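Secondary and tertiary structure notes
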Amino acid sequence: MADIRMRVNGSIEKLDVEPRVSLLDALREHLGLTGTKKGCDQGACGACTVLADGERIVSCLALAVQYADRDITTIEGVTSPLQRSFVRHDGFQCGYCTSGQICSAVGMLTEHAAGAPSAVTGDLATMEIELTAEEIRERMSGNLCRCGAYNGIVAAIEEGIR
Amino acid sequence: MKDFAYVSAPDVATAVRAITEPGAKFLGGGTNLVDLMRQNVERPDTVVDITRLPLDRVEELPDGRIRIGAMMRNSALAAHRLIRTRYPMLAQALLAGASGQLRNMATVGGNVLQRTRCPYFVDLAARCNKREPGSGCDAIGGFNRNAAIFGASESCVATHPSDMCVALAALDATIELESVRGVRRLPLVGFHALPGDAPQHETAIAADELITAIELPDLPVAARSRYRKVRDRASYAFALVSVAAALEVRDGVVTEARLALGGVASRPWRAHAAERALMGAPATEESFRRAADAELAGAVAQSQNAFKIELARRAVTATLRQLHLPGGAA
């Protein structure tokens, strides 16, 4: 067992976990933060997306011990206009992927604001990349939605950045 | 997942000492290893976390070469100004891989060492010579739609899944390795092995070695380069075929060409035959097609993946056309 500390949604949490416990399971099973969802548990769906020091990651492929002393934000700690936009634009149906979608979108907007390009960015030299629907779809492609609410998700994010 | 001991290495000296323990394995971003551990394909006794090593910078060396720390995240490397402007094919290859979340986690060193996505490799009920030497290969004659078309053997038809490495192969990158025995440098081209009769030997790295850096040569032609990836969906999927290409044309004649293919072999496939065919040839559609034909002449299909040969031919031609006629028809 390893004794670690982690800042989760602003408060310091002490965790006593085996090294094989994922960050996802530590959040859900040890800290009771069940807003973060377990989808595929193999990094293929994005449902478990959280922010580590503001960067989006999939918590299922993260060992909790590896994130000791880091600053983790889960959907329970997110306050973003995107949340209302998702409701307004039907950015979900069943809701299972939604916490991951929103955490991912928050991280994605930070990356974009820092000038990070994507696979569909035409001019890699520019730091001012227009966040078109095509850019949003590419940058959000790590979050799958089995209900197919993609149009609503893109509309919600487009509204969120206005 | 089997239990294991966890060690976080603060510096390279500690890391390379820790890895000499039997059953020890380095852990980078975890995007491949943690997944394989959960499926019991990897069962390390000790995991040596190297993500805190101070190897996360891009440096421009005095002679113009670029040195990339092996713990640099894929997303950070793709976003780096020097990579975007001097080696666009590398930035594009990185951005074509995985998802935003995974690129934020995955390290450059780990990307080089990632394992095949052949479905039989992770299926413990299947035969796989890579996972269990001598057991056989269920991909041959089985589900092999995305198997290799170059360099496969009767033991293994798996591909290396990296996008980044395809660009690194075209760029003639160098890998720096460190162990308690010292430091050595190897060219990336040839670092990944062909399967032969021992597909479990995937790279030239020794069990006690750590990738500390990747170095890129100062290569003006790379500023006019691109990476094109063809896959089953528009994003977040492994390549069926990909192409990294750089082209220099003077007075309508090709004076320099660099070409590598991804998704087609157990290594990023440097297309030497296509490069030879291009050198000195007029920069025309006809020459591009001939160069693709020259490379694909050596391709061999499995039962389900003959389509990849034609797909690779078209992807090579289209990428060269795009490079030669920017803004032209893709």
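Because the structure is predicted, anything quoted here is derived from the model rather than measured.

Section: the overall build of chain B
Scanning chain B for helices and strands turns up eleven helices and twelve strands. On C-alpha atoms alone, chain B measures out to a radius of gyration of 20 Å, which is about the 20 Å that the 2.2 N^0.38 rule sets for 330 residues. Each of the three principal axes of chain B carries a C-alpha extent, and together these read 60 × 50 × 35 Å. For chain B, the residues scored as buried account for 54% of the 330 residues in total. Look at the contacts in chain B between residues 6 or more apart in sequence, and 64% of them connect residues 24 or more apart.

Some thoughts on the overall build of chain A
In terms of helices and strands, chain A carries five helices and five strands. Against the compact-globule benchmark of 15 Å for 162 residues, chain A has a radius of gyration of 16 Å, which places it among compact chains. With the C-alpha coordinates of chain A rotated into their principal frame, the extents come out at 50 × 35 × 25 Å. Contacts in chain A between residues at least 24 apart in sequence constitute 58% of all its contacts with a sequence separation of at least 6.

Digging into the UniProt feature "domain: FAD-binding PCMH-type" (unreviewed entry) in chain B
Taken from the UniProt record, the annotation "domain: FAD-binding PCMH-type" (unreviewed entry) applies to residues 1-221 of chain B. The span residues 1-221 of chain B is 24% helix and 17% strand, and its two end C-alpha atoms sit 47 Å from each other.

Notes on the domain arrangement of chain B
The accessible area lost on association of the parts is a frequent measure of interface size. We note that the domain assignment places domain 1 (5-49) and domain 2 (226-324) within chain B. A C-alpha centroid distance of 36 Å is found between domain 1 of chain B and domain 2 of chain B.

Considerations on the environment of Pro44 of chain B
Relative to the elements of secondary structure, Pro44 of chain B occurs in the loop between α2 (33-38) and β3 (46-49). Ignoring any residue separated from it by four or fewer positions in sequence, one finds Pro44 of chain B in contact with Phe4, Gly23, Ala24 and Lys25 of chain B.

A word on the packing of helix α2 (residues 81-88) of chain A against helix α5 (residues 150-160) of chain A
All names here are of chain A. At a closest axis distance of 8 Å, the pairing of α2 and α5 adopts a crossing angle of 140 degrees. For the element pair α2 / α5, the angle class is oblique. Note on packing geometry: the crossing formed by α2 with α5 is right-handed. For the pair formed by α2 and α5, the contact residues are Pro81, Leu82, Ser85 and Phe86 on the first element and Ala156, Ile157, Glu159 and Gly160 on the second. Grouping the amino acids of the contact of α2 with α5 by side-chain chemistry returns five nonpolar, two polar and one charged.

A look at the interface of chain B and chain A
At the interface, 29 residues of chain B touch 31 residues of chain A. Broken down by secondary-structure element, the contributors of at least two residues to the side of chain B that touches chain A are α2, β3, α3 (74-79), α4 (81-86), α5 (88-96) and α6 (100-105) of chain B. Classifying every residue of the side of chain B that touches chain A by side-chain character gives 14 nonpolar, eleven polar and four charged.

Observations regarding α2 of chain A
All names here are of chain A. Three or more residues of α2 are buried, namely Leu82, Ser85 and Phe86. Mapping the buried residues of α2 onto a view down its axis gives an arc of 100 degrees, with all of them on the same face. In this structure, α2 carries Pro81 and Arg84 as exposed residues pointing more than 90 degrees from its buried face. Next to the buried residues of α2 lie α3 (98-113) and α5. In the segment just after α2, Asp90 is the residue with positive phi, at about 50 degrees.

Things to note about the domain arrangement of chain A
All names here are of chain A. Partitioning chain A into domains gives domain 1 (2-77) and domain 2 (81-160). Within the residue set of the side of domain 1 that touches domain 2, elements represented by two or more residues are β3 (49-52) and β4 (55-58). A total of three residues in the side of domain 1 that touches domain 2 trace back to one element, the largest contributor, which is β3. Taken together, the residues of the side of domain 1 that touches domain 2 sort by class into six nonpolar, five polar and three charged.

Observations regarding the environment of Arg224 of chain B
Here Arg224 of chain B shows up in the loop between β8 (210-216) and β9 (225-230). Through-space distance from the C-alpha of Arg224 of chain B to that of Met89 of chain B is 8.3 Å; in sequence the pair is 135 residues apart.

Considering the nonpolar core
Counting 155 residues, the largest nonpolar core has Met89, Ala93, Ala167, Ala170, Leu171 and Ala244 of chain B as the members making the most contacts within it. In this structure, Ala170 of chain B is in contact with Met89, Ala244, Ala245, Ala246, Arg258, Leu259, Ala260 and Arg270 of chain B, ignoring residues within four places of it in sequence.

Parameters at a glance
Residue positions are given per chain, counted from 1 along the sequence in the order it is written. Working convention: letters from A go to chains and numbers from 1 go to ligands, in the order in which they are written. Reporting of local features is limited, given that this is a predicted model, to residues whose pLDDT is at least 70; pairs of side-chain atoms are given and counted only at 80 or more, and all residues count toward the totals for whole chains, interfaces and linings. The numbering of helices and of strands both runs from the N terminus, where a helix is a DSSP run of H or I of at least 4 residues and a strand a run of E of at least 2. We take the radius of gyration over the C-alpha atoms and set the globule estimate at 2.2 Å times the residue count to the 0.38 power. As a rule, residues whose C-beta atom has 12 or fewer other C-beta atoms within 10 Å are exposed, those with 20 or more are buried, and those in between are partly exposed; C-beta atoms are placed from the backbone. Contact between residues is assigned whenever the C-beta positions, reconstructed from backbone atoms, fall within 7 Å. UniProt positions are given in the numbering used here, feature names are shortened, and annotations may be inferred rather than shown by experiment. Residue ranges labeled as domains rest on an automatic or database domain assignment. Fitting a line to C-alpha atoms yields each axis, with helices limited to the stretch in contact; the angle taken between N-to-C directions then spans 0 to 180 degrees. When an angle is under 35 degrees it counts as roughly parallel; over 145 it counts as roughly antiparallel; between 65 and 115 it counts as roughly perpendicular; any other value is oblique. By definition, any crossing whose near helix is turned counterclockwise from its far helix by less than a right angle is left-handed, and any crossing with a clockwise turn is right-handed. Amino acids are sorted into nonpolar (Ala, Val, Leu, Ile, Met, Phe, Trp, Tyr, Cys and Pro), charged (Asp, Glu, Lys and Arg) and polar (every other residue, Gly among them). This arc is taken over the directions from the axis of the helix to the C-beta atoms. Residues of type Ala, Val, Leu, Ile, Met, Phe, Trp, Tyr and Cys that are buried and joined through C-beta atoms within 7 Å form what is called a nonpolar core.

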